[in-house]
Amino acid sequence: MKTKTEPFPETEKEFGEILGELRALSPDDLQGKVVIGGFINHPFGEEQYRCMECMYYLVHRKWCDLPELAVPVEPDWWCRLWRI
């Protein structure tokens, strides 16, 4: 499945625009969330960013707790809404 890994949101406005796209989806549209969120199943970039270090990741549940996503994720995945 091809996901939207670019553009990575550099500003709060850009981050908010992606959140707006996610809010427009049905809450159970898992595929849409994965595509818009830009999920990939491996660490990203030179720094090897991954869900495990993201502020929204719930370790014991393997879950993204960003309300607009709220999906199961693996620790070594990454998405473009990644935040530390």
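In case you missed it, the structure is sitting above this.
**Focus on the overall build of the chain**
Next up, step 1: Looking only at helices and strands, the chain has 2 helices and 3 strands in total.
Next up, step 2: Tracing the chain from N to C terminus, the helices and strands come up as α-α-β-β-β.
Next up, step 3: For the chain, whose C-alpha radius of gyration is 12 Å, the value lies close to the compact-globule estimate of 12 Å for 84 residues.
Next up, step 4: Projected onto the principal axes, the alpha-carbon positions of the chain cover approximately 30 × 25 × 25 Å.

**Here we look at helix α2 (residues 30–37)**
Next up, step 1: G32, K33, V35, I36 and G37 are the residues of α2 that are buried.
Next up, step 2: Buried residues along α2 sit in contact with α1 (12–23) and β3 (71–72).
Next up, step 3: Positive phi appears at G38, one or two residues downstream of α2, with a value of about 75°.

**Some remarks on the side chain of T3**
Next up, step 1: Relative to the helices and strands, T3 resides in the segment before α1.
Next up, step 2: A distance of 2.8 Å separates a polar atom in the side chain of T3 from the backbone oxygen of F39.
Next up, step 3: The residues contacting T3, other than those within four sequence positions of it, are V34, V35, G38, F39 and I40.

**Observations regarding the sheet that holds strand β2 (residues 63–64)**
Next up, step 1: Spatially, β1-β2-β3 is the arrangement adopted by the 3 strands of the open sheet, whose pairing is antiparallel. Looking at the sheet topology across the chains shown, the edges are occupied by β1 (57–58) and β3.
Next up, step 2: Looking at chain direction, β2 and β3 are connected through 2 bridges and run antiparallel. The residue bridging W63 from the neighbouring strand is P72, located in β3.

**Focus: empty space enclosed by the protein**
Next up, step 1: Scanning all chains against the criterion turns up 1 cavity of 30 Å³ or more.
Next up, step 2: Estimates place the volume of the largest cavity at around 80 Å³.
Next up, step 3: Residue composition of the lining of the largest cavity, by class: 12 nonpolar, no polar and no charged.

**Some words on the packing of α1 against α2**
Next up, step 1: As a packed pair, α1 and α2 sit with axes 10 Å apart at the nearest point and diverge in direction by 165°. Classified by the angle between their axes, α1 and α2 sit roughly antiparallel to one another. Our pair here, α1 against α2, has a crossing hand that is right-handed. Where α1 approaches α2, its residues I18, E21 and L22 are matched on the opposing element by K33, I36 and G37.
Next up, step 2: Residue composition of the contact of α1 with α2, by class: 3 nonpolar, 1 polar and 2 charged.

Rules and cut-offs
- Residues numbered from 1 in each chain as written.
- Predicted model: local features only at pLDDT ≥ 70, side-chain atom pairs only at ≥ 80, totals over all residues.
- Heavy atoms only, no water.
- Helix = DSSP H or I, 4+ residues; strand = E, 2+ residues; numbered from the N terminus.
- Rg over C-alpha atoms; globule rule 2.2 N^0.38 Å.
- Buried < 20%, exposed > 50% of the residue type's maximum accessible area, 1.4 Å probe, protein only.
- Contact = heavy atoms within 4.5 Å.
- Polar contact = N/O pair within 3.5 Å; in protein donor to acceptor, adjacent residues only side chain to side chain.
- Pairing = 2+ DSSP bridges.
- 1 Å grid on protein atoms, 1.4 Å probe; cavity = no way out; pocket = protein on both sides within 12 Å on 5 of 7 lines; lining within 4 Å.
- Points joined across faces, edges and corners; volume = space filled by probe spheres on them.
- Nonpolar A, V, L, I, M, F, W, Y, C, P; charged D, E, K, R; others polar.
- Axes fitted to C-alpha atoms, helices over the stretch in contact; angles between N-to-C directions.
- Parallel < 35°, antiparallel > 145°, perpendicular 65-115°, else oblique.
- Left-handed = near helix turned anticlockwise from the far one by under 90°.

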